[in-house]
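Spelled out, the chains give:
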Amino acid sequence: MTGLWTLFYKEILRFWKVSLQTILSPVVTTLLYLLIFSHVLAAHVQVYPGVGYAAFLIPGLVMMAMLQNAFSNSASSLIQSKMGGSIVFILLPPLAYWEFFSAYVAASVVRGMAVGLGVWLSGYWFAPHAIAHPGWMLAFALAGCAALGALGIISALWADSYDQLAAVQNFVIMPLTFLSGVFYSIHSLPPFWQGVSHLNPFFYMIDGFRYGFFGVSDISPWTSLSIVSGAFLALSLATLWLLKSGYKLRS
Amino acid sequence: MHKRFGSLHALRGVDLAVEQGEFFALLGPNGAGKTTLINILAGLSRATSGSSAVMGHDVVAAYRETRRALGVVPQELVYDAFFTVREMLRFQSGYFGLKRNDEWIDELLHNLGLEDRANSYTRNLSGGMKRRVLVAQALVHRPPVIVLDEPTAGVDVELRQSLWSFIKRLNRDGHTIMLTTHYLEEAETLCSRVAMLKQGEIVALDTTRNLLGAHAATEVRLKLVPSQLPEGLRAMLVGEEDGCFRLALRHYGELEAVLAGLRVAGVEVRDMEVTKPDLEDVFLQIMEAA
Ligand SMILES: Nc1ncnc2c1ncn2[C@@H]1O[C@H](COP(=O)(O)OP(=O)(O)OP(=O)(O)O)[C@@H](O)[C@H]1O
Ligand SMILES: [Mg+2]
């Protein structure tokens, strides 16, 4: 277990040493969304009865920030060591592929949670709100971050350049998080787009997470949690299989 | 063992055994396949066919045992920009399951002249310093088998000597050493056995002594007055340039006979130089012939 623990600790230290960029900067960016959107749209949107728009936005923004940062943590760490060659330092020791997986995913979860906590605390100060079900909130936060951490590993394994990884981030992760109901309830969409939204796994992460806050959601939290956990499980199996096969790491 | 990269056949049936406790050199021109072979042993790459084992463990099936047994200094000058030298060495120890290793880390830093760089970020070190860190990283877990892929490229004279005396000490303590280098005099003085690789094939595999003996003779260069070689010595002549005769000697004893022959013929020696063959000559000969 020392190997796994060390790799996890190294991954934490890696983002912690540049926390201005890895934690503070996403927190500030997300707060800007909150300030701008809540100000511009507050008068026009009332999604759930009794929930102000600013408060409605907070769980979505927190989750969005968590997902993006969990992804970016494992992905950027791995692509940097792959491109720079320092990946040999973890390929030469007797680390098992599941230790590799667990350390990277766990570090992604920690980074996601740290950013999420930062966004939430400052959002709370901006628009105080009660938390209906902290347990659900935590469950969705953990499952969402872990799934994106695994997806980050897969993407960085696949990418042969920084450019290709940036393409995944900008053309897959960003649109899926933005279009998952962060800024609106999908019930406000036309039926066709509602249907499309149901195909987006990120929708269930945000909807379930929001249930933890307000106790209301578009979909039953049990359904959402099963889908999110299923996604995490599938991504984990895929990642483990890629790592075991040595895909693009041990040619 | 065979290794193909697409259409490129990088290793063509390499069959090699290095004994425990040996100081072994893997030599060959650029692109011969040395690093490819090392990468397969280290599990960084997979053989297309064939297998390899370290300390009796198969490198694919028992990868945890073989990686624990191996310490590899990679050829590429890689480093992790986020961390200091000491942090890197602690992490590396942890990956090998060692929780507290500072005593040995300090000894490594001392032996590699890195003591005052322990808290520097690796990205700020000079090339030679980065190379030393790579050597230290390879040794954190005191591996019984140490593989050094051009460890002295870009390293200054002083460290080269202290590095080799440190590696020799490890070898005396029972560690098996395998190294690649393009400085053949290093291989000649350090290694008891040598394999030479050319385009993925082993073209020579023998003790350093045998290779030196079989492929190149000791020579004596003579400048004579008058510049004429007595008839009796013609059989030993291997070359003639700039008015110098080059005679091959099977052993030093023959030098006596040469001088006697010259004295009898009344030829005076103006200049004389005895050259011992070195591994570089042998290497060039073998590469040319193969
Ligand atoms: N990942 C790879 N993909 C394609 N070809 C490769 C790869 N790695 C090595 N090769 C090729 O395999 C051959 C052997 O390369 P290798 O690096 O083993 O040589 P080497 O003996 O270590 O040379 P050098 O002395 O320059 O380090 C070369 O022709 C090289 O181009
Ligand atoms: Mg090489």
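Scroll up to find the structure.
So, a few notes on the structure that sits alongside this text. (Residues numbered from 1 in each chain as written. Chains lettered and ligands numbered in written order. Predicted model: local features only at pLDDT ≥ 70, side-chain atom pairs only at ≥ 80, totals over all residues. Heavy atoms only, no water.)

### A word on the pattern of salt bridges
Residue and element names in this part refer to chain B. To keep things clear, this is the line we draw: Salt bridges are counted wherever a side-chain nitrogen of Lys or Arg sits within 4 Å of a carboxyl oxygen of Asp or Glu. Numbered from the N terminus, helices here are DSSP runs of H or I no shorter than four residues, and strands are runs of E no shorter than two. Under the scheme applied here, a residue whose accessible area is under 20% of the maximum for its type counts as buried, over 50% as exposed, and between as partly exposed, the area being computed with a 1.4 Å probe on protein chains only.
With the rule as written, the count across this model stands at 16 salt bridges over all chains. Ionic pairing is found between D102 and R90, a salt bridge with its closest N-O pair at 2.7 Å. One end of the pair, D102, is in helix α4 (residues 102–111); the other, R90, is in helix α3 (residues 85–95), with 12 residues separating them in the sequence. Take D102: its relative accessible area is 30%, and that puts it in the partly exposed class.

### What about helix α7 (residues 162–178) of chain A?
Residues and elements named next belong to chain A. The condition that has to hold: To estimate the expected span of a helix, count its residues, drop one, and scale the result by 1.5 Å. Take the seven residues that end at a residue and the seven that start at it, fit an axis to each, and the angle between those axes is the bend at that residue. Pairs of residues are marked as contacts when any of their non-hydrogen atoms sit within 4.5 Å.
Spanning 17 residues, α7 covers 22 Å between terminal C-alpha atoms, matching the ideal 24 Å at 1.5 Å per step. At Q169, α7 shows its maximal kink, close to 25°. Looking only at α7, the buried set comprises L165, V168, I173 and T177. Here the buried face of α7 lies against α3 (53–84), α6 (134–158) and α9 (201–214).

### A closer look at the coordination of the magnesium ion (ligand 2)
Residues and elements named next belong to chain B. Where we set the bar: Here a donor is an N, O or S atom found within 2.8 Å of the metal, or within 3.2 Å if the metal is Na, K or Ca; sites may look incomplete because water is not among the atoms.
The magnesium ion (ligand 2) binds to the protein through T35 (OG1) and Q75 (OE1), with metal-donor distances spanning 1.9 to 2.1 Å. Of this pair, T35 sits in helix α1 (residues 34–42) while Q75 sits in the loop between β6 (70–73) and α3, and the two are 40 residues apart along the sequence. Judged by its relative accessible area of 25%, T35 falls in the partly exposed class.

### Quick word on a negative patch on the surface
Rules: Each patch is assembled from residues with relative accessible area greater than 30% and no salt bridge, linking like charges that lie within 9 Å and nonpolar side chains (Val, Leu, Ile, Met, Phe, Trp, Tyr) that lie within 5 Å. For the accessible areas, the method is Shrake-Rupley and the probe is 1.4 Å, while residue cover comes only from the protein chains on display. Counted charges follow a simple rule, with Lys and Arg positive, Asp and Glu negative, and His plus the chain ends left uncounted. Charged side chains are reduced to one point each, which is NZ for Lys, CZ for Arg, CG for Asp and CD for Glu.
A cluster of acidic side chains, namely E185, D278, E280 and D281 of chain B, defines a negative patch on the protein surface. Relative to the helices and strands, D278 of chain B resides in the loop between β14 (268–275) and α10 (279–289).

### A short note on the nonpolar core
Convention followed: The nonpolar core is taken to be a set of buried Ala, Val, Leu, Ile, Met, Phe, Trp, Tyr and Cys residues, with the residues joined through side-chain atoms within 4.5 Å.
Formed by 160 residues in total, the largest nonpolar core has its most connected members in L148 and F209 of chain A together with L27, M196 and L279 of chain B. Non-local contacts of L279 of chain B, meaning those with residues more than four positions away in its chain, are made with L27, L184, A187, E188, V194, M196, T208 and L212 of chain B. L229, L249, L255 and L262 of chain B belong to the second-largest nonpolar core, a separate cluster that totals 13 residues.

### Some thoughts on helix α10 (residues 221–245) of chain A
All names here are of chain A. Just so we agree on the cut-off: Identification of polar contacts relies on pairs of N or O atoms within 3.5 Å, with a donor-acceptor requirement for protein atoms, meaning one able to donate a hydrogen and the other able to accept it, and with residues adjacent in sequence counted only if both atoms are side-chain atoms.
Counted at 1.5 Å a residue, the expected span for α10 with its 25 residues is 36 Å, and the 36 Å between its end C-alpha atoms agrees. Of the residues making up α10, those classed as buried are P221, S224, L225, V228, A231, L235, S236, T239, L242 and L243. Looking at the packing, one finds that the buried side of α10 touches α5 (97–126), α6 and α9. At the N-terminal end of α10, a side-chain oxygen is found 3.1 Å from the backbone nitrogen of W222, two or three residues along, and the residue is S220. Backbone geometry just downstream of α10 places G246 in the positive-phi region, at approximately 80°.

### Details of the packing of aromatic side chains
When we look at a pair of aromatic rings, we describe it by the centre distance and by the angle of the planes. Residue and element names in this part refer to chain A. For clarity, the cut-off: Note on aromatic pairs: the rings of Phe, Tyr and Trp (six-membered ring only in Trp) are paired at centre separations within 6.5 Å, and the planes decide the class, stacked below 30 degrees, edge-to-face beyond 60, tilted for the rest.
By the definition in use, this model includes 20 aromatic pairs over all chains. A centroid spacing of 5.8 Å and a plane angle of 80° characterise the contact between Y33 and F178, whose relative ring orientation is edge-to-face. You can see Y33 sitting in helix α2 (residues 19–41) and its partner F178 sitting in helix α7, a full 145 residues away along the chain. Y33 sits in the partly exposed class, given a relative accessible area of 24%. In this structure F178 comes out as partly exposed when scored by relative accessible area, which is 23%. Ring centres 4.8 Å apart and planes at 80° place the aromatic pair W136 and W222 in the edge-to-face group.

### Observations regarding the interface of chain A and chain B
Buried accessible area, meaning the area lost when the parts come together, often serves as the stated size of an interface. Applicable threshold: Buried area, as used here, totals the accessible surface that two parts lose on assembly, with accessibility defined by a 1.4 Å probe and the loss added over both.
Counting residues at the interface gives 31 residues for chain A, matched by 31 residues for chain B. Summed over both sides, the interface between chain A and chain B buries roughly 2700 Å², with carbon and sulfur atoms accounting for 62% of that surface. By the criterion of area lost to chain B, the three top residues of chain A are F89, L92 and P94 of chain A, representing 28% of everything that side buries. Run the count over chain A and chain B and you get 2 salt bridges. For the salt bridge of E99 of chain A with R64 of chain B, the shortest nitrogen-to-oxygen distance reads 2.9 Å. The interface formed by chain A and chain B includes 12 residue pairs in polar contact (both at pLDDT 80 or more).

### Quick notes on empty space enclosed by the protein
Test applied: Here a cavity is any set of points on a 1 Å grid over the protein atoms alone where a 1.4 Å probe fits but cannot get out, and a pocket is any open set with protein on both sides within 12 Å along at least 5 of 7 lines; a residue lines the site when it has an atom within 4 Å of a point. Grid points are joined across faces, edges and corners, and a volume is the space filled by probe spheres set on the points. Three residue categories are used. Nonpolar comprises Ala, Val, Leu, Ile, Met, Phe, Trp, Tyr, Cys and Pro, charged comprises Asp, Glu, Lys and Arg, and polar comprises the others, including Gly.
Tallied over the entire structure, the rule returns 3 cavities of 30 Å³ or more. By volume, the largest cavity is sized at about 110 Å³. Lining the largest cavity are 14 residues; nearest its centre among them are L92 of chain A together with V72, Q92, F96 and A138 of chain B. Among the secondary structure elements, those contributing two or more residues to the lining of the largest cavity are β6 and α5 (127–139) of chain B. Class assignment for the residues of the lining of the largest cavity results in 9 nonpolar, 4 polar and 1 charged. Lining the second largest cavity we find K10, S81, S86, I87, F89 and I90 of chain A together with D80, M88 and Y95 of chain B. Taken together, the elements giving at least two residues each to the lining of the second largest cavity come down to α4 (88–91) of chain A together with α3 of chain B.

### Details of the pairing of strand β12 (residues 237–241) of chain B
Residues and elements named next belong to chain B. Heads up, the condition is: Paired strands, in this sense, are two strands between which DSSP finds at least two bridges.
In this structure, β12 lies alongside strand β13 (residues 244–249), joined through 4 bridges in antiparallel fashion. Looking at the pairing, G239 lines up with R246 of β13. Counting the residues in the hairpin turn of β12 and β13 gives 2 residues, including D242, whose phi is positive at 50°.

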